[in-house]
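As a plain string of letters, each chain reads:
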Amino acid sequence: MTIAMVFFAVLFLFNMFKYEQIGGYMADDELKGGAVARAFSLLAYVAGGGATGNLSALARDVGMNRITAARLLATLEDEGMLEALPHGGHRIGVRFLGLAADALGQDDLIGHGRRLVSLLSKQVCWSGYMVELDGPFAVYLVKEVPQTPLVSNIRPGSRIPAYLIAPGRVLMARLPRASWRALYDAAQGDPRGARVTFEEAEGMLLEAASRECCWSLGAFETGIDACAAPVFDASGEAVAAISVAGAGFRLRERPADRGIIEDAVSGAAKRLSALLGA
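Conventions and cut-offs
Residues numbered from 1 in each chain as written. Predicted model: local features only at pLDDT ≥ 70, side-chain atom pairs only at ≥ 80, totals over all residues. Heavy atoms only, no water. Phe/Tyr/Trp six-rings, centres within 6.5 Å; stacked < 30°, edge-to-face > 60°. Pairing = 2+ DSSP bridges. Helix = DSSP H or I, 4+ residues; strand = E, 2+ residues; numbered from the N terminus. Axes fitted to C-alpha atoms, helices over the stretch in contact; angles between N-to-C directions. Contact = heavy atoms within 4.5 Å. Buried < 20%, exposed > 50% of the residue type's maximum accessible area, 1.4 Å probe, protein only.

Caption draft 1: Representation of the packing of aromatic side chains within the structure. In this structure the tally under the stated criterion is four aromatic pairs. Here the aromatic cluster, defined as three or more aromatic residues joined through ring pairs, consists of Tyr163, Tyr184 and Phe198.

What follows is the structure, encoded as structure tokens:
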């Protein structure tokens, strides 16, 4: 297990604790600055390569006082979550590595994706999705909706010509450009395939290839905007896309939300990529 995988496993387990184990009964502000949050912050710091030999520097870096940092180090060491190094400092402990390995080993792309998409949907208050390519089509594997669900015809199992929707474009755009025409032609058996010409599709794919996130602003379903980012496996291949979709009036009323949504979608895709070994 790489350092990056351990780091994202720490964040993943923290988020799952925060949103699933507590069942929504503990407010965010009760977690912020609490013992659990401080412990996970310290674990994430060590997993990311942070040094613990200098307590003052450690306390400053993780945002807690020296006494709290010392107590947490001792507790995490006693529980096997951290391991003291012979010449000072700590590394992630064997017990934590075992827990992370068990959790990762019991799950797969869809399992990890479902959890991260659920967190993402709650974070941005839009419906969340995970999509993969099947030839020229984008196939929806996962759908998670917030408390106020989006009125949309998209559901798990939906198959749509990839170039017509944001998650499909971010995946198709990462295939060789020479393959785009054949994929476009293969999608013409679907009545929706001819909504755009190949030249229009090619232009959208080129734009998607140049960006970390791809947007679709009311282009597929009227009044619904969507943002998507690719997920990569250990070989660097784009194997899926994570996306969110919501009512278009939100961005018209709050344009600054576009950047917030992009960061959230990109972050979720990167976390899932890390869990897959990218």
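Moving on from the coordinates now.
Caption draft 2: Highlighting the sheet that holds strand 6 (residues 214-217). Reading across from one edge, 5-4-3-8-7-6 is the order of the six strands in this open sheet, with antiparallel pairing throughout. The sheet is open, and its two edges are formed by strand 5 (159-161) and strand 6, each paired on a single side. Pairs of neighbouring strands in the sheet enclose a mean axial angle of 30°, with direction left out of account. The pairing of strand 6 with strand 7 (residues 224-232) spans four bridges and is antiparallel. Looking at the pairing, Cys214 lines up with Ala228 of strand 7. Helix-sheet contacts for helix 7 (residues 109-124) involve strand 3 (127-134), strand 4 (137-144) and strand 8 (238-247), and the interaxial angle to strand 4 is about 65°. Of the strands in this sheet, strand 3, strand 6, strand 7 and strand 8 touch helix 12 (residues 257-275), which is tilted by about 30° from strand 7.

Caption draft 3: Region of interest: the pairing of strand 7. Most of strand 7 is tucked away, with eight of its nine residues classed as buried. Joining the antiparallel neighbours strand 6 and strand 7 is a turn of six residues, in which Gly218 adopts a positive phi near 65°. As paired strands, strand 7 and strand 8 are joined by nine bridges and run antiparallel to one another. Across the sheet, Ala226 pairs through a bridge with Ala245, a residue of strand 8.

Shape is all these values report; function is a separate question.
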